[in-house]
Amino acid sequence: MTTLPVRTALLGLTAATLFLTACQGADDQAAAPPPEAATAAPTPAPSAPTQAPSPSATTPEVRTSEAPDKPDTKLRKPGEVKEGLCALVKPEAAGKKLGKLSGVSTIDHRITSWPFHEACALSYEKSYVSVEWSATELTDEDWAWYRSAHRSETAKDNKVSDGAWVDEYGTLTFFGGGRIMSVTSLVFRDAKSVEPLAKEMMRVADRVENLPEHITRPECDPGAKGAVEILGGEPTIVRQSMVNLYPEKGNAVACGWSTDLAAVTVTVMGSAKDDSVTYFWDNLPNSKKVKGVGKRAVVSAEMGTLFFETGSGRVVRVEASESEASEKQLVALAKAMTKTHK
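Residues numbered from 1 in each chain as written. Predicted model: local features only at pLDDT ≥ 70, side-chain atom pairs only at ≥ 80, totals over all residues. Heavy atoms only, no water.

A. Just the overall build of the protein, in detail. In terms of helices and strands, the protein carries seven helices and 17 strands. When the 342 residues of the protein are sorted by exposure, 54% land in the buried category. If you take every contact in the protein between residues at least 6 apart in sequence, the share linking residues at least 24 apart comes to 66%. Of the roughly 15,300 Å² that the protein leaves accessible, carbon and sulfur atoms contribute 50%. (Helix = DSSP H or I, 4+ residues; strand = E, 2+ residues; numbered from the N terminus. Buried < 20%, exposed > 50% of the residue type's maximum accessible area, 1.4 Å probe, protein only. Contact = heavy atoms within 4.5 Å. Areas by Shrake-Rupley, 256 points an atom, 1.4 Å probe, with all protein chains shown as cover.)

What follows is the structure, given as structure tokens:
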């Protein structure tokens, strides 16, 4: 497997945008996460281990469901949500610093890189909290690889689990019960505020049930063939859903296909008039212009990334994470997805 740079900076804006959809309509006390990624150009990640992540156990029968037509941004009362990690944690487990739990979101999906994550939000009296966990069970070897690839030089170790760390934005990432997990307070942005909740997540992680392997949207169908071509085989996990483009008005489909070793995603980043979006376009390393994809496009085979602007002025990112994607394959997938992103 060719070692590709981890696109931590490149992915930050989309992750923050996806999480905010769960917080809309609730209290205004929590400030929206800043576009952290726009502070520095994407940089090469540390070299990945020579041994690739080990294939996870798969179920012969693939379960499939279709994602809703609209993103679910409503916060429910504690106890009303029955699926996911947020439904399993005890309301009082977060401790006094966050205050009383008032709302829980349903599950949405993080498809920004391998491995895909499920996510939910917890609304406490003093802060919103973002919770994420890997969509499938992973091994210690997977965790070691993930840590070497995603832990930044400025991160600090944390004792909540072996290899846990907290980054400069207060996100605590750790491993337990076969899941890579993370938790962030959008107000306090420090490890101490979420450590009690992280320990509770560790306690219940092995009780999290996997969602269907394939969660699909018909809008992603044009890209399925190109994704398989890049992955070198059929995906084991498919995550496709409608997301809210906060702060931009409107929804857009997010498409993701993943094997046990790599992922391919097609996501809308936002408006081409937004400097925090076009920053990534302008700072894509070793990029070149591409003709015949949307209004304009750039591609970097080194980064496994292609950006194109749609006729309606949105920027779409096509990305191959930890995969040997060629420029030709990225362009072919982008062209196919212009049927959806016009």
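B. Here's a closer look at the nonpolar core. Among the nonpolar cores identified, the biggest contains 30 residues, and Trp257, Val266, Val293, Leu306, Phe308, Val318 and Leu330 are the most heavily contacted of them. Those elements giving two or more residues to this core turn out to be α5 (224–231), β11 (237–244), β12 (251–258), β13 (263–271), β15 (296–300), β16 (305–309), β17 (314–321) and α7 (327–337). Element by element, the count of residues in this core is highest for α7, at five residues. Among the nonpolar cores identified, the runner-up in size contains 29 residues, and Cys86, Val89, Trp133 and Val183 belong to it. (Core = buried A, V, L, I, M, F, W, Y, C linked by side-chain atoms within 4.5 Å.)

C. Representation of the environment of Gly292 in the model. Mapped onto the elements, Gly292 comes out in the loop between β14 (288–290) and β15. Judged by relative accessible area, Gly292 falls into the exposed class, the value being 64%. Along the chain, Gly292 and Ala334 lie 42 residues apart, while their C-alpha atoms are 9.8 Å from each other.

D. Representation of the side chain of Thr171. Here Thr171 lies in the loop between β7 (165–166) and β8 (172–176). For Thr171, the contacting residues outside a window of four places in its chain are Trp165, Val166, Ser182, Val183 and Thr184.

E. The packing of aromatic side chains, seen in detail. Using the criterion set out here, one finds seven aromatic pairs in the structure. Here the aromatic rings of Trp114 and Trp145 are separated by 5.4 Å at their centres, their planes lie at 85°, and the arrangement is edge-to-face. Of this pair, Trp114 sits in the loop between β3 (108–110) and β4 (117–124) while Trp145 sits in helix α3 (residues 140–150), and the two are 31 residues apart along the sequence. A single burial state applies to Trp114 and to Trp145, both of which are buried. Consider the rings of Tyr279 and Phe280, whose centres lie 5.5 Å apart with planes at 85°: the pair is edge-to-face. Residue Tyr279 shares its accessibility class with Phe280, and that shared class is buried. An aromatic cluster is built from Trp143, Tyr146, Trp165 and Phe175, whose rings are joined through pairwise contacts. Positioned above the aromatic ring of Phe188, the side-chain terminus of Lys97 is 4.9 Å from the ring centre. (Phe/Tyr/Trp six-rings, centres within 6.5 Å; stacked < 30°, edge-to-face > 60°. Lys NZ or Arg CZ within 6 Å of the ring centre and 35° of its normal.)

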